[in-house]
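# Structure assessment
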Amino acid sequence: MEREPSRRVVRLARLAALAPLPTGLWRIAGACGVPLGFSGGDALADVRFGSGFSLYMIGLSVFAEMLGFLALGLVQRWGEVAPDWLPLIGGRRVPPLAAVIPAGLGAAVLTLLGVMGAIGWNDPGNMGAPGSPTGVAYWVMTACYLPLVAWGPLLAVVTLAYHRRRRSPAPGLRPVTV
């Protein structure tokens, strides 16, 4: 019998699931025509709702949040047994590595992107570029993107906890309860 995830791990999974939300809301606001503080020839300076770029911004936001919600599968039943409504695999046990490998790779990529983004945030090609937001718009955008730095490490911790909880003990050994 597999153990339940700890309350701490469940909270961390929820935080991982919500990490892309502020950025997505910021993008959707911009896609709907809310000025984001960009000026000049930047694509974000004059977004028109319904344009291809605004639809891309909305789609990217929805896609990122859907990826974020997959972290919840690492702490909920549907991450251990496939939901009945899924064709072919419904009701079957999810092999632990089928979740651990993609979640671990995702955590590594998100951590790398978060670190690179934080290091280069004010570079001339990013927020240091002419036409980038300044003042309150800069701080709002920074606050909305900051949770993305935590997304990878949060997912890594939840993935490790899932792996530890779901792994089979060696023959003759009993699972260790913490």
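About the thresholds
Residues numbered from 1 in each chain as written. Predicted model: local features only at pLDDT ≥ 70, side-chain atom pairs only at ≥ 80, totals over all residues. Heavy atoms only, no water. Core = buried A, V, L, I, M, F, W, Y, C linked by side-chain atoms within 4.5 Å. Buried < 20%, exposed > 50% of the residue type's maximum accessible area, 1.4 Å probe, protein only. Helix = DSSP H or I, 4+ residues; strand = E, 2+ residues; numbered from the N terminus. Contact = heavy atoms within 4.5 Å. Disulfide = S-S within 2.5 Å. 1 Å grid on protein atoms, 1.4 Å probe; cavity = no way out; pocket = protein on both sides within 12 Å on 5 of 7 lines; lining within 4 Å. Points joined across faces, edges and corners; volume = space filled by probe spheres on them. Nonpolar A, V, L, I, M, F, W, Y, C, P; charged D, E, K, R; others polar. Expected span 1.5 Å × (residues − 1). Salt bridge = Lys/Arg side-chain N within 4 Å of Asp/Glu carboxyl O. Arc of directions from axis to C-beta. Polar contact = N/O pair within 3.5 Å; in protein donor to acceptor, adjacent residues only side chain to side chain.

What follows concerns the nonpolar core. Soluble globular proteins tend to pack their nonpolar side chains together in the buried interior. Core analysis: the biggest nonpolar cluster contains 24 residues, and L74, V75, W151, L155, V158 and Y162 have the highest contact counts within it. Mapped onto this core, the elements with two or more residues apiece are helix 1 (7-18), helix 4 (96-120) and helix 6 (147-166). Residue contributions to this core peak at six residues, all from helix 1. Leave out the neighbours within four places in its chain, and V75 touches P5, V9, V10, A13, V158 and R165. Counting residues in each nonpolar core, the second largest holds 12 residues, with L44, M57, W121 and C144 among its members.

What follows concerns the environment of R92. By the secondary structure assignment, R92 is in the loop between helix 3 (52-69) and helix 4. Residue R92 is classed as exposed on the basis of its relative accessible area of 56%. Put simply, R92 and E80 are 12 residues apart on the chain and 8.5 Å apart in space, counted from C-alpha to C-alpha. Residues contacting R92, with those up to four places away along its chain left out, are E80, V81 and A82.

The full count for this structure, using the stated rule, is zero disulfides. For C32, which is in no disulfide, the shortest distance to another cysteine sulfur is to C144 and amounts to 14 Å.

So, about the layout of surface pockets. If you add up the space inside the largest pocket, you get close to 1,100 Å³. Lining the largest pocket are 41 residues, with A64, L110, L113, L148 and W151 sitting closest to its centre. At 11 residues, helix 4 tops the list of elements feeding residues into the lining of the largest pocket. When grouped by side-chain class, the residues that make up the lining of the largest pocket number 29 nonpolar, 10 polar and two charged.

The phi torsion at L88 lies on the positive side, around 70°, for a residue other than glycine. Among the secondary structure elements, L88 is positioned in the loop between helix 3 and helix 4.

Let us look at helix 4. Side chains that are three or four residues apart share a direction in an α-helix, a result of its 3.6 residues per turn. Compared with an ideal rise of 1.5 Å per residue, which puts 25 residues at 36 Å, helix 4 spans 36 Å between its outermost C-alpha atoms and is within 8% of the ideal. For helix 4, the set of buried residues is P96, A99, V100, A103, A107, L110, G114 and G120. On its buried side, helix 4 packs onto helix 6.

The next subject is the pattern of salt bridges. Under the definition given, this model contains two salt bridges. Notably, a salt bridge pairs D46 with R48, separated by 3.0 Å at the nearest N-O pair. For R48, a relative accessible area of 54% gives the class exposed. In this structure, R165 engages E80 in a salt bridge whose closest nitrogen and oxygen atoms are separated by 2.3 Å.

What helix 2 (residues 21-31) keeps buried is the set T23, G24, W26, R27, G30 and A31. End-on, the buried residues of helix 2 take up no more than an arc of 160°, which puts them together on one face. Tucked into the core, helix 2 has its buried residues touching helix 3, helix 5 (135-145) and helix 6. Backbone geometry just downstream of helix 2 places G33 in the positive-phi region, at approximately 100°.

This part covers the side chain of T142. Mapped onto the elements of the fold, T142 is located in helix 5. Owing to a relative accessible area of 17%, T142 belongs among the buried residues under this scheme. For T142, the side chain forms a polar contact with the side chain of W121, separated by 3.1 Å.

Any functional reading would require information beyond the geometric quantities listed.
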